[in-house]
Amino acid sequence: MHNERFIIIFVPVNHIKRQAMNPFIITGDVPKEYFCDREAESDRIVRAVTGGENLCLISQRRLGKSKLIRFCYDRDEVSGSFYTFYVDILHTASLREFTYEFGQTVFTRLRSTSRKMLQSLVQGLKSINAEFGFDPASGLPVFSLGLGDISRPEYTLTEIFQCLEQADKPCVVTFDEFQQIGKYPEKNIEALLRSHIQHLGNVHFIFSGSEIHMISQMFLSSARPFYHSASMLELKPIAIDKYSDFVIRHFERDGKKVSPEAVGTVYRLFEGNTYCMQKTFHEAYETVAKGEECTVPILRQTVDSVLEEAAAGYRLMLSGIPVRQKELLYAVAEEVRAEKIMGADFMRRHSLASSSSVQTAADKLVRMELLAVKDGVYYVPDILLRMFLQRLMNPEKDFFRNLN
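What counts and how
- Residues numbered from 1 in each chain as written.
- Predicted model: local features only at pLDDT ≥ 70, side-chain atom pairs only at ≥ 80, totals over all residues.
- Heavy atoms only, no water.
- Pairing = 2+ DSSP bridges.
- Helix = DSSP H or I, 4+ residues; strand = E, 2+ residues; numbered from the N terminus.
- Buried < 20%, exposed > 50% of the residue type's maximum accessible area, 1.4 Å probe, protein only.
- Phe/Tyr/Trp six-rings, centres within 6.5 Å; stacked < 30°, edge-to-face > 60°.
- Core = buried A, V, L, I, M, F, W, Y, C linked by side-chain atoms within 4.5 Å.
- Contact = heavy atoms within 4.5 Å.

Peer 1: Sorry if this is basic, but what is going on with the sheet that holds strand S11 (residues 372-374) here?
Peer 2: Whether parallel or antiparallel, the strands of a sheet pair through hydrogen bonds between backbone atoms. In space, the three strands of this open sheet follow the order S10-S12-S11, with antiparallel pairing throughout. A single partner strand is all that each edge strand has here, and the edge strands are strand S10 (338-339) and S11. In terms of strand pairing, S10 meets strand S12 (residues 377-379) through two bridges, oriented antiparallel. Along S12, the bridge assignment pairs Ala 338 with Tyr 378.

Structural data, given as C-alpha coordinates:
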(Lines give C-alpha, C1' and ligand atoms only; values in the text may rest on other atoms or scores of the structure.)
Protein backbone atom coordinates (compact mmCIF):
# COMPACT_ATOMS: atom_id res chain seq x y z
CA MET A 1 0.00 0.00 0.00
CA HIS A 2 1.34 3.42 -0.91
CA ASN A 3 1.60 6.12 1.69
CA GLU A 4 -0.30 9.05 0.26
CA ARG A 5 -0.23 12.53 1.69
CA PHE A 6 -2.92 15.09 1.03
CA ILE A 7 -2.32 18.79 1.44
CA ILE A 8 -5.41 20.92 2.05
CA ILE A 9 -5.00 24.61 1.43
CA PHE A 10 -7.53 26.92 3.02
CA VAL A 11 -8.12 30.06 0.97
CA PRO A 12 -9.92 33.02 2.57
CA VAL A 13 -13.34 33.51 1.00
CA ASN A 14 -12.58 37.10 0.04
CA HIS A 15 -9.62 35.85 -2.03
CA ILE A 16 -11.82 33.64 -4.21
CA LYS A 17 -12.85 35.30 -7.43
CA ARG A 18 -16.53 34.66 -7.89
CA GLN A 19 -17.90 34.20 -11.36
CA ALA A 20 -20.78 36.53 -12.13
CA MET A 21 -24.17 34.85 -11.93
CA ASN A 22 -25.94 34.42 -15.23
CA PRO A 23 -28.71 37.03 -14.97
CA PHE A 24 -31.02 35.29 -17.45
CA ILE A 25 -32.57 32.76 -15.11
CA ILE A 26 -34.66 29.99 -16.66
CA THR A 27 -35.16 27.61 -13.73
CA GLY A 28 -36.07 28.14 -10.09
CA ASP A 29 -37.11 31.34 -8.37
CA VAL A 30 -35.85 34.65 -9.71
CA PRO A 31 -34.13 37.10 -7.30
CA LYS A 32 -35.50 40.62 -7.42
CA GLU A 33 -32.43 42.05 -9.18
CA TYR A 34 -32.89 39.59 -12.06
CA PHE A 35 -36.63 40.04 -12.44
CA CYS A 36 -37.56 41.97 -15.56
CA ASP A 37 -40.33 44.55 -15.21
CA ARG A 38 -43.78 43.16 -14.23
CA GLU A 39 -44.00 45.97 -11.68
CA ALA A 40 -47.66 46.77 -12.36
CA GLU A 41 -48.65 43.10 -12.47
CA SER A 42 -46.82 42.19 -9.25
CA ASP A 43 -48.35 45.19 -7.47
CA ARG A 44 -51.80 44.09 -8.65
CA ILE A 45 -51.28 40.53 -7.42
CA VAL A 46 -49.97 41.68 -4.04
CA ARG A 47 -52.95 44.03 -3.64
CA ALA A 48 -55.29 41.12 -4.35
CA VAL A 49 -53.50 38.83 -1.91
CA THR A 50 -53.30 41.33 0.93
CA GLY A 51 -56.81 42.63 0.29
CA GLY A 52 -58.49 39.25 0.56
CA GLU A 53 -59.35 39.04 -3.15
CA ASN A 54 -59.48 35.97 -5.37
CA LEU A 55 -57.62 36.46 -8.66
CA CYS A 56 -57.61 34.65 -11.99
CA LEU A 57 -54.28 35.09 -13.80
CA ILE A 58 -54.22 34.09 -17.45
CA SER A 59 -51.59 34.15 -20.16
CA GLN A 60 -50.06 32.08 -22.90
CA ARG A 61 -47.58 29.41 -21.86
CA ARG A 62 -44.08 30.39 -20.82
CA LEU A 63 -44.72 34.08 -20.29
CA GLY A 64 -43.66 33.78 -16.66
CA LYS A 65 -46.89 33.30 -14.67
CA SER A 66 -45.39 30.81 -12.24
CA LYS A 67 -42.27 32.85 -11.55
CA LEU A 68 -44.35 36.01 -11.15
CA ILE A 69 -46.58 34.37 -8.53
CA ARG A 70 -43.59 33.03 -6.59
CA PHE A 71 -41.94 36.44 -6.87
CA CYS A 72 -45.05 38.00 -5.30
CA TYR A 73 -45.09 35.35 -2.57
CA ASP A 74 -41.57 36.52 -1.61
CA ARG A 75 -42.55 40.18 -1.36
CA ASP A 76 -42.32 41.55 2.18
CA GLU A 77 -46.03 42.36 2.28
CA VAL A 78 -46.87 38.70 1.75
CA SER A 79 -44.03 36.47 3.02
CA GLY A 80 -44.22 37.42 6.69
CA SER A 81 -47.99 37.68 7.06
CA PHE A 82 -49.44 34.80 5.04
CA TYR A 83 -49.08 31.08 4.56
CA THR A 84 -48.57 30.64 0.82
CA PHE A 85 -49.13 27.48 -1.21
CA TYR A 86 -48.41 26.86 -4.87
CA VAL A 87 -50.13 23.79 -6.38
CA ASP A 88 -49.31 22.86 -9.99
CA ILE A 89 -52.12 20.62 -11.25
CA LEU A 90 -51.17 20.44 -14.95
CA HIS A 91 -50.20 16.77 -14.65
CA THR A 92 -53.28 15.72 -12.67
CA ALA A 93 -56.06 13.76 -14.37
CA SER A 94 -58.69 13.23 -11.67
CA LEU A 95 -60.11 14.68 -8.46
CA ARG A 96 -58.11 12.14 -6.48
CA GLU A 97 -54.83 13.28 -8.08
CA PHE A 98 -55.82 16.91 -7.51
CA THR A 99 -56.45 16.22 -3.82
CA TYR A 100 -53.21 14.25 -3.49
CA GLU A 101 -51.17 17.10 -5.02
CA PHE A 102 -52.95 19.69 -2.87
CA GLY A 103 -52.39 17.69 0.33
CA GLN A 104 -48.72 17.04 -0.41
CA THR A 105 -48.12 20.73 -1.17
CA VAL A 106 -49.79 21.89 2.03
CA PHE A 107 -47.86 19.36 4.13
CA THR A 108 -44.51 20.21 2.54
CA ARG A 109 -45.05 23.94 3.00
CA LEU A 110 -46.22 23.69 6.63
CA ARG A 111 -43.37 21.30 7.40
CA SER A 112 -40.94 24.18 6.92
CA THR A 113 -43.05 27.02 8.31
CA SER A 114 -45.30 25.95 11.19
CA ARG A 115 -45.08 22.81 13.34
CA LYS A 116 -48.33 23.78 15.05
CA MET A 117 -50.24 24.05 11.78
CA LEU A 118 -48.69 20.84 10.52
CA GLN A 119 -49.93 18.98 13.58
CA SER A 120 -53.39 20.45 13.01
CA LEU A 121 -53.37 19.22 9.41
CA VAL A 122 -52.30 15.69 10.33
CA GLN A 123 -54.88 15.42 13.09
CA GLY A 124 -57.58 16.74 10.77
CA LEU A 125 -56.98 14.27 7.95
CA LYS A 126 -59.29 11.54 9.20
CA SER A 127 -60.41 10.31 5.78
CA ILE A 128 -57.02 8.87 4.77
CA ASN A 129 -54.70 6.20 6.09
CA ALA A 130 -51.44 8.09 5.74
CA GLU A 131 -48.67 7.53 8.28
CA PHE A 132 -47.19 10.45 10.18
CA GLY A 133 -43.87 10.35 12.03
CA PHE A 134 -40.43 11.92 12.33
CA ASP A 135 -37.22 11.32 10.43
CA PRO A 136 -34.76 10.00 13.08
CA ALA A 137 -31.81 11.62 11.29
CA SER A 138 -33.18 15.14 10.75
CA GLY A 139 -35.94 15.24 13.32
CA LEU A 140 -38.26 16.67 10.68
CA PRO A 141 -41.86 15.46 10.28
CA VAL A 142 -42.46 12.76 7.68
CA PHE A 143 -45.83 12.24 6.00
CA SER A 144 -46.23 8.96 4.14
CA LEU A 145 -49.12 9.57 1.76
CA GLY A 146 -49.75 7.56 -1.37
CA LEU A 147 -52.31 8.22 -4.06
CA GLY A 148 -54.05 5.00 -3.04
CA ASP A 149 -54.54 6.35 0.50
CA ILE A 150 -57.09 8.83 -0.80
CA SER A 151 -60.27 6.82 -1.24
CA ARG A 152 -62.77 9.66 -0.71
CA PRO A 153 -61.15 12.79 -2.17
CA GLU A 154 -64.19 14.99 -1.61
CA TYR A 155 -63.93 14.39 2.16
CA THR A 156 -60.15 14.84 2.17
CA LEU A 157 -60.56 18.17 0.37
CA THR A 158 -62.97 19.31 3.06
CA GLU A 159 -60.43 18.44 5.75
CA ILE A 160 -57.60 20.31 4.01
CA PHE A 161 -59.72 23.41 3.52
CA GLN A 162 -60.88 23.28 7.16
CA CYS A 163 -57.27 23.15 8.33
CA LEU A 164 -56.35 26.23 6.30
CA GLU A 165 -59.49 28.07 7.38
CA GLN A 166 -58.47 27.59 11.03
CA ALA A 167 -54.86 28.68 10.48
CA ASP A 168 -53.33 31.34 12.71
CA LYS A 169 -52.45 33.42 9.61
CA PRO A 170 -54.39 34.02 6.41
CA CYS A 171 -53.61 31.60 3.60
CA VAL A 172 -53.11 32.10 -0.14
CA VAL A 173 -53.42 29.10 -2.43
CA THR A 174 -52.43 29.16 -6.10
CA PHE A 175 -53.84 26.47 -8.35
CA ASP A 176 -51.66 26.66 -11.45
CA GLU A 177 -53.15 25.46 -14.78
CA PHE A 178 -56.55 25.49 -13.09
CA GLN A 179 -58.34 24.77 -16.37
CA GLN A 180 -57.14 21.18 -15.93
CA ILE A 181 -60.09 20.43 -13.62
CA GLY A 182 -62.37 20.76 -16.65
CA LYS A 183 -60.69 17.66 -18.15
CA TYR A 184 -61.29 15.37 -15.17
CA PRO A 185 -63.64 12.41 -15.75
CA GLU A 186 -65.70 13.25 -12.66
CA LYS A 187 -68.69 15.52 -13.14
CA ASN A 188 -69.37 18.80 -11.30
CA ILE A 189 -65.78 19.34 -10.08
CA GLU A 190 -66.16 23.09 -10.56
CA ALA A 191 -69.31 23.09 -8.43
CA LEU A 192 -67.64 20.98 -5.74
CA LEU A 193 -64.63 23.29 -5.44
CA ARG A 194 -66.76 26.41 -5.61
CA SER A 195 -68.95 25.11 -2.77
CA HIS A 196 -65.84 24.94 -0.58
CA ILE A 197 -64.18 28.15 -1.68
CA GLN A 198 -67.17 30.45 -1.33
CA HIS A 199 -67.43 29.75 2.40
CA LEU A 200 -63.76 30.36 3.25
CA GLY A 201 -62.79 33.62 4.93
CA ASN A 202 -59.20 32.89 5.89
CA VAL A 203 -58.16 31.37 2.56
CA HIS A 204 -57.92 33.20 -0.75
CA PHE A 205 -56.96 31.94 -4.17
CA ILE A 206 -55.02 32.65 -7.32
CA PHE A 207 -56.32 30.61 -10.25
CA SER A 208 -53.66 30.55 -12.93
CA GLY A 209 -54.12 29.16 -16.43
CA SER A 210 -52.63 29.15 -19.92
CA GLU A 211 -55.53 27.79 -21.96
CA ILE A 212 -57.01 31.25 -22.15
CA HIS A 213 -60.33 30.42 -23.79
CA MET A 214 -61.06 27.53 -21.44
CA ILE A 215 -60.22 29.27 -18.17
CA SER A 216 -61.89 32.53 -19.24
CA GLN A 217 -65.11 30.62 -19.82
CA MET A 218 -64.88 29.19 -16.30
CA PHE A 219 -64.86 32.66 -14.73
CA LEU A 220 -66.81 34.76 -17.24
CA SER A 221 -69.69 32.49 -18.23
CA SER A 222 -72.83 33.01 -16.12
CA ALA A 223 -73.62 29.29 -16.49
CA ARG A 224 -70.44 28.19 -14.67
CA PRO A 225 -69.99 27.86 -10.87
CA PHE A 226 -66.93 30.16 -10.73
CA TYR A 227 -68.73 33.00 -12.56
CA HIS A 228 -67.43 36.36 -11.27
CA SER A 229 -65.77 34.69 -8.27
CA ALA A 230 -62.34 36.18 -9.06
CA SER A 231 -60.91 39.32 -10.59
CA MET A 232 -59.25 38.77 -13.98
CA LEU A 233 -55.67 39.70 -14.84
CA GLU A 234 -54.14 38.84 -18.22
CA LEU A 235 -50.38 38.68 -18.47
CA LYS A 236 -49.08 40.11 -21.73
CA PRO A 237 -45.54 39.89 -23.14
CA ILE A 238 -43.05 42.25 -21.49
CA ALA A 239 -42.77 45.47 -23.51
CA ILE A 240 -39.85 45.36 -25.94
CA ASP A 241 -38.22 48.53 -24.59
CA LYS A 242 -38.33 47.17 -21.02
CA TYR A 243 -36.85 43.84 -22.03
CA SER A 244 -34.21 45.44 -24.23
CA ASP A 245 -33.07 47.69 -21.37
CA PHE A 246 -32.96 44.67 -19.06
CA VAL A 247 -30.76 42.60 -21.41
CA ILE A 248 -28.40 45.46 -22.28
CA ARG A 249 -27.98 46.45 -18.62
CA HIS A 250 -27.01 42.96 -17.49
CA PHE A 251 -24.62 42.40 -20.37
CA GLU A 252 -22.95 45.75 -19.66
CA ARG A 253 -22.78 44.99 -15.93
CA ASP A 254 -20.37 42.18 -16.72
CA GLY A 255 -18.37 44.03 -19.37
CA LYS A 256 -20.19 42.56 -22.36
CA LYS A 257 -22.11 44.26 -25.15
CA VAL A 258 -25.35 43.69 -26.99
CA SER A 259 -27.18 46.17 -29.20
CA PRO A 260 -30.88 47.13 -28.97
CA GLU A 261 -31.23 45.87 -32.55
CA ALA A 262 -29.93 42.41 -31.60
CA VAL A 263 -32.30 42.19 -28.61
CA GLY A 264 -35.18 43.37 -30.77
CA THR A 265 -34.44 40.65 -33.32
CA VAL A 266 -34.76 37.94 -30.67
CA TYR A 267 -37.87 39.60 -29.24
CA ARG A 268 -39.60 39.59 -32.63
CA LEU A 269 -38.46 36.05 -33.42
CA PHE A 270 -40.11 34.72 -30.26
CA GLU A 271 -43.03 37.18 -30.22
CA GLY A 272 -42.07 38.34 -26.74
CA ASN A 273 -42.20 34.85 -25.23
CA THR A 274 -40.33 35.22 -21.94
CA TYR A 275 -38.97 31.68 -21.66
CA CYS A 276 -37.64 31.51 -25.22
CA MET A 277 -35.94 34.91 -24.93
CA GLN A 278 -34.45 34.12 -21.52
CA LYS A 279 -33.20 30.74 -22.74
CA THR A 280 -31.53 32.37 -25.76
CA PHE A 281 -29.83 35.14 -23.79
CA HIS A 282 -28.88 32.70 -21.02
CA GLU A 283 -26.91 30.66 -23.55
CA ALA A 284 -25.56 33.71 -25.40
CA TYR A 285 -24.37 35.26 -22.13
CA GLU A 286 -22.30 32.13 -21.47
CA THR A 287 -20.88 32.21 -25.00
CA VAL A 288 -19.79 35.86 -25.12
CA ALA A 289 -16.60 36.67 -23.25
CA LYS A 290 -16.01 39.82 -21.27
CA GLY A 291 -15.20 42.70 -23.60
CA GLU A 292 -16.95 41.06 -26.56
CA GLU A 293 -20.28 41.81 -28.22
CA CYS A 294 -23.28 39.52 -28.59
CA THR A 295 -24.06 39.91 -32.28
CA VAL A 296 -26.93 38.66 -34.43
CA PRO A 297 -24.74 35.86 -35.92
CA ILE A 298 -23.99 34.67 -32.37
CA LEU A 299 -27.69 34.78 -31.53
CA ARG A 300 -28.49 32.82 -34.70
CA GLN A 301 -26.08 30.10 -33.60
CA THR A 302 -27.54 30.18 -30.11
CA VAL A 303 -31.10 29.70 -31.36
CA ASP A 304 -29.93 26.76 -33.49
CA SER A 305 -28.35 25.22 -30.37
CA VAL A 306 -31.54 25.75 -28.36
CA LEU A 307 -33.57 24.02 -31.07
CA GLU A 308 -31.12 21.15 -31.26
CA GLU A 309 -31.32 20.72 -27.50
CA ALA A 310 -35.12 20.47 -27.69
CA ALA A 311 -35.10 18.21 -30.77
CA ALA A 312 -34.87 14.84 -28.99
CA GLY A 313 -37.97 15.54 -26.91
CA TYR A 314 -39.93 16.82 -29.89
CA ARG A 315 -38.98 13.80 -32.02
CA LEU A 316 -40.12 11.46 -29.27
CA MET A 317 -43.41 13.33 -29.00
CA LEU A 318 -43.99 13.22 -32.77
CA SER A 319 -43.33 9.47 -32.84
CA GLY A 320 -46.47 8.92 -30.79
CA ILE A 321 -48.79 11.01 -32.96
CA PRO A 322 -50.90 9.40 -35.72
CA VAL A 323 -50.10 10.41 -39.30
CA ARG A 324 -53.25 12.50 -39.88
CA GLN A 325 -52.60 14.59 -36.79
CA LYS A 326 -48.94 14.96 -37.68
CA GLU A 327 -49.80 16.16 -41.20
CA LEU A 328 -52.09 18.85 -39.82
CA LEU A 329 -49.52 19.91 -37.22
CA TYR A 330 -46.91 20.39 -39.97
CA ALA A 331 -49.40 22.33 -42.11
CA VAL A 332 -50.34 24.76 -39.32
CA ALA A 333 -46.69 25.23 -38.32
CA GLU A 334 -45.79 26.08 -41.92
CA GLU A 335 -48.45 28.79 -42.13
CA VAL A 336 -47.82 30.05 -38.56
CA ARG A 337 -51.41 31.31 -38.34
CA ALA A 338 -53.82 29.04 -40.23
CA GLU A 339 -57.38 30.04 -41.11
CA LYS A 340 -60.15 27.93 -42.64
CA ILE A 341 -58.21 24.72 -42.11
CA MET A 342 -61.17 22.66 -43.38
CA GLY A 343 -61.43 24.70 -46.54
CA ALA A 344 -60.49 23.31 -49.95
CA ASP A 345 -57.59 25.76 -50.45
CA PHE A 346 -55.85 24.88 -47.18
CA MET A 347 -56.29 21.13 -47.67
CA ARG A 348 -55.04 21.32 -51.27
CA ARG A 349 -51.95 23.36 -50.28
CA HIS A 350 -50.97 20.77 -47.70
CA SER A 351 -52.29 17.59 -49.37
CA LEU A 352 -54.71 16.82 -46.54
CA ALA A 353 -57.27 14.03 -47.01
CA SER A 354 -60.69 15.42 -46.12
CA SER A 355 -62.39 18.08 -44.02
CA SER A 356 -63.73 15.47 -41.59
CA SER A 357 -60.26 14.01 -40.95
CA VAL A 358 -58.85 17.54 -40.51
CA GLN A 359 -61.58 18.38 -37.99
CA THR A 360 -60.94 15.17 -36.02
CA ALA A 361 -57.18 15.75 -36.04
CA ALA A 362 -57.58 19.40 -35.00
CA ASP A 363 -59.84 18.49 -32.07
CA LYS A 364 -57.36 15.92 -30.80
CA LEU A 365 -54.34 18.22 -31.21
CA VAL A 366 -56.13 21.01 -29.35
CA ARG A 367 -56.93 18.62 -26.49
CA MET A 368 -53.27 17.62 -26.45
CA GLU A 369 -52.35 21.34 -26.37
CA LEU A 370 -50.17 20.92 -29.46
CA LEU A 371 -52.52 23.27 -31.32
CA ALA A 372 -54.44 26.26 -30.04
CA VAL A 373 -57.26 28.15 -31.69
CA LYS A 374 -58.44 31.72 -31.26
CA ASP A 375 -61.20 33.34 -33.32
CA GLY A 376 -61.02 30.48 -35.80
CA VAL A 377 -57.25 30.83 -36.30
CA TYR A 378 -55.10 27.80 -35.47
CA TYR A 379 -51.47 27.99 -34.36
CA VAL A 380 -48.79 25.98 -32.56
CA PRO A 381 -48.59 27.61 -29.09
CA ASP A 382 -45.10 26.23 -28.36
CA ILE A 383 -42.93 28.53 -30.47
CA LEU A 384 -39.89 26.27 -30.27
CA LEU A 385 -41.98 23.34 -31.47
CA ARG A 386 -43.28 25.41 -34.37
CA MET A 387 -39.73 26.34 -35.34
CA PHE A 388 -38.59 22.74 -34.99
CA LEU A 389 -41.36 21.59 -37.35
CA GLN A 390 -40.52 24.34 -39.84
CA ARG A 391 -36.86 23.35 -39.77
CA LEU A 392 -37.81 19.70 -40.40
CA MET A 393 -39.72 20.77 -43.50
CA ASN A 394 -36.98 23.17 -44.59
CA PRO A 395 -33.53 22.42 -43.09
CA GLU A 396 -32.13 25.63 -44.60
CA LYS A 397 -34.77 27.88 -43.08
CA ASP A 398 -33.32 31.12 -41.70
CA PHE A 399 -35.53 32.27 -38.86
CA PHE A 400 -33.73 35.63 -38.64
CA ARG A 401 -34.51 36.71 -42.18
CA ASN A 402 -36.74 39.80 -42.43
CA LEU A 403 -36.86 40.32 -38.64
CA ASN A 404 -35.07 43.70 -38.66
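Peer 1: Could you clarify how one ought to interpret the side chain of Thr 302 in this entry?
Peer 2: Within the secondary structure, Thr 302 is located in helix H12 (residues 296-319). A relative accessible area of 6% places Thr 302 in the buried class.

Peer 1: Help me understand the packing of aromatic side chains in this model?
Peer 2: In this description, an aromatic ring pair is defined by two values, namely the gap between the centres and the angle between the planes. Here the structure, examined in full by the defined rule, presents 24 aromatic pairs. Ring geometry for Phe 175 and Phe 178: centres 6.1 Å apart, planes at 25°, overall stacked. The exposure classification of Phe 175 matches that of Phe 178, with both residues buried. Taking the centre distance of 6.2 Å and the plane angle of 45° together, the rings of Phe 178 and Phe 219 count as tilted. Of the two residues, Phe 178 sits in the loop between strand S5 (171-176) and helix H7 (189-197) while Phe 219 sits in helix H8 (residues 212-220), which places them 41 residues apart along the sequence.

Peer 1: Would you mind showing me how to read the nonpolar core here?
Peer 2: Nonpolar side chains in soluble globular proteins generally cluster together in the buried interior. The biggest cluster of nonpolar side chains holds 57 residues, and the ones touching the most others in it are Tyr 243, Val 247, Val 258, Phe 270, Phe 281, Leu 328 and Leu 329. Elements that contribute at least two residues to this core include exactly helix H9 (240-253), helix H10 (260-269), helix H11 (274-287), H12, helix H13 (323-335), helix H14 (344-349), helix H15 (355-367) and helix H16 (383-393). Sort the elements by how many residues they give to this core and H12 lands first, with seven residues. Once residues within four sequence positions are removed from consideration, Tyr 243 is found in contact with Cys 36, Ile 238, Val 263, Tyr 267, Met 277, Gln 278 and Phe 281. Core analysis: the second largest hydrophobic core is formed by 42 residues, Tyr 83, Leu 95, Val 203 and Phe 205 among them.

Functional significance is not addressed by these values, which are geometric in nature.
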